[in-house]
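Overview (structure and organization)
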Amino acid sequence: MANDLYSAHQFHKISFGDYGFRILTNGDTSVSGEYFSTIQVLKDCTISLTSGAPGGDSSITNLDLDEGQIIYGNLTSISLSKGDVIAYLR
């Protein structure tokens with residue numbers, strides 16, 4: 001399971017990218033088993049992903065996002081059919 005947020009310290013580490021990131025480009029898929037807290041769009045993209053959150057929608061398929069947009073959550077299995085994103089690990 002991904003790192004759970006137990007303290008403000010961990011929250012701040014995630015917020016500032018201290019756990020690292022992946023840059024995904026057209027046609028890329030994230031590494032299996034990795035969890036992400038934030039995805040920022042670097043170049044207009046079409047993205048599909050799943051969410052490990054216990055409530056709400058569990059997946060997004062072929063969502064078009066504009067450069068600069070940000071998605072937050074407990075995110076996994078990211079794939080791009082076009083564009084570029086930076087995905088911050090949690």
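Residues numbered from 1 in each chain as written. Predicted model: local features only at pLDDT ≥ 70, side-chain atom pairs only at ≥ 80, totals over all residues. Heavy atoms only, no water.

This part takes up the pattern of salt bridges. Under the defined criterion, the tally for this structure stands at one salt bridge. Residues Glu-34 and Arg-22 are paired through a salt bridge, measuring 2.5 Å at the closest nitrogen-oxygen approach. In this pair, Glu-34 is assigned in the loop between β1 (21-25) and β2 (36-51) and Arg-22 in strand β1, connecting sequence segments 12 residues apart. Classification of Arg-22 by relative accessible area gives partly exposed; the value is 32%. (Salt bridge = Lys/Arg side-chain N within 4 Å of Asp/Glu carboxyl O. Helix = DSSP H or I, 4+ residues; strand = E, 2+ residues; numbered from the N terminus. Buried < 20%, exposed > 50% of the residue type's maximum accessible area, 1.4 Å probe, protein only.)

It is worth spelling out the nonpolar core at this point. Ranked by size, the top nonpolar core spans 15 residues in total, and within it Ile-39, Cys-45, Ile-47, Ile-78 and Val-85 carry the most contacts. Counting residues per element, the ones that place at least two in this core are β2 and β4 (70-89). Counting residues per element, this core draws most heavily on β4, which supplies seven residues. (Core = buried A, V, L, I, M, F, W, Y, C linked by side-chain atoms within 4.5 Å.)

What follows is about the pairing of β2. Strand direction decides the pairing type here: β2 and β4, joined by 15 bridges, are antiparallel. Of the residues in β4, the one forming a bridge with Thr-50 is Thr-76. Judged from the five bridges that link them, β2 and strand β3 (residues 59-65) form a sheet pairing that is antiparallel. Bridged to Leu-49 within β3 is Ile-60. (Pairing = 2+ DSSP bridges.)

Overall, the predicted model of the protein chain reaches an average pLDDT of 86, with 80% of residues at or above 70. Mean pLDDT values over the elements of the protein chain span from 62, in helix α1 (residues 8-15), up to 96, in β3. (pLDDT = per-residue confidence, 0-100.)

What follows covers the sheet that holds β2. Taken together, the four strands give an open sheet; going across it, the order is β1-β4-β2-β3, and neighbouring strands pair in antiparallel fashion. Among the strands making up the open sheet, the edge pair consists of β1 and β3. The average undirected angle you get between the axes of adjacent strands in this sheet is 30 degrees. As paired elements, β1 and β4 share five bridges and run antiparallel to each other. (Axes fitted to C-alpha atoms, helices over the stretch in contact; angles between N-to-C directions.)

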